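Now for the letters of each chain:
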Amino acid sequence: MAKSSAKTIYVLMGPNLNMLGQREPEIYGRDTYQDLVKRCERDGKTHGFKVVVQQSNHEGDLVTWIQDAMTRADGLIINAAAYTHTSVSIHDALRLLSIPVIEVHLSNTLAREPFRHHSFVAPVARAVILGCGAEGYSFALQRLSSILEN
Ligand code: DQA
């Protein structure tokens, strides 16, 4: 549980999401990474959350931030990007958490190549949001608000 009165939500993003806007916009949309950060901060404020957004191209950074969330966050939103489909270490780190975890993907991974169909995150997530673009992060924050107020 976070120490401050506002609940803290970690939003973690994996490899190549820093390239949003330039990266296959027909799949991931035209919003840039900075646009996504602003959306999360704006929507977090609406729900009275302190939102901490972090992105890395390195698996170990994501593992460390998930471990940090054990003591510093009240909820976690994760788009592990390509590591979703490969990372046992992210799966294992998420298993440490008792706070609610929501998995988000901008694209509908189930409608794409077969190698994107398996997620190591989904079995340890409370909810999964696919194919809603940047709006998926707004839905995830809305859902965390409902979960955390009960
Ligand atoms: C993604 C889907 C992943 O398969 C891909 O590797 C990404 C982005 C998404 O948000 O749609 O990098 O996580």
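How each quantity is defined
- Residues numbered from 1 in each chain as written.
- Predicted model: local features only at pLDDT ≥ 70, side-chain atom pairs only at ≥ 80, totals over all residues.
- Heavy atoms only, no water.
- Salt bridge = Lys/Arg side-chain N within 4 Å of Asp/Glu carboxyl O.
- Helix = DSSP H or I, 4+ residues; strand = E, 2+ residues; numbered from the N terminus.
- Buried < 20%, exposed > 50% of the residue type's maximum accessible area, 1.4 Å probe, protein only.
- Pairing = 2+ DSSP bridges.
- Right-handed = clockwise from strand over helix to strand, strands pointing away.

Colleague: Can you lay out the pattern of salt bridges for me, pointing to particular residues and giving the numbers?
Modeller: The final tally for this structure, using the stated rule, is four salt bridges. The salt bridge involving R72 is made with D68; its shortest N-O contact spans 3.8 Å. In this pair, R72 and D68 are both assigned in helix α3 (residues 59–72), four residues apart and thus about one turn of the helix distant. Under the relative-accessibility criterion, R72 is labelled partly exposed at 49%. Given the relative accessible area of 23%, D68 is considered partly exposed. The shortest N-O distance in the salt bridge between R116 and E113 comes to 2.7 Å. Several salt bridges converge on common partners, so that one network encompasses R112, E113 and R116.

Colleague: Hey, could you go over the pairing of strand β4 (residues 101–105) for me, with residue numbers and the actual values?
Modeller: On any regular strand, side chains alternate: one points to one face of the sheet, the next to the other face. Counting buried positions along β4 gives five out of five residues, so the element sits mostly inside the fold. Neither face of β4 is exposed, since V101, E103 and H105 on one face and I102 and V104 on the opposite face are all buried. Pairing between strand β3 (residues 75–79) and β4: three bridges, direction parallel. From the neighbouring strand, I78 faces β4, where its bridge partner is E103. Since β3 and β4 lie parallel, the crossover through helix α4 (residues 88–94) that links them has a hand, and here it is right-handed.

Any functional reading would require information beyond the geometric quantities listed.
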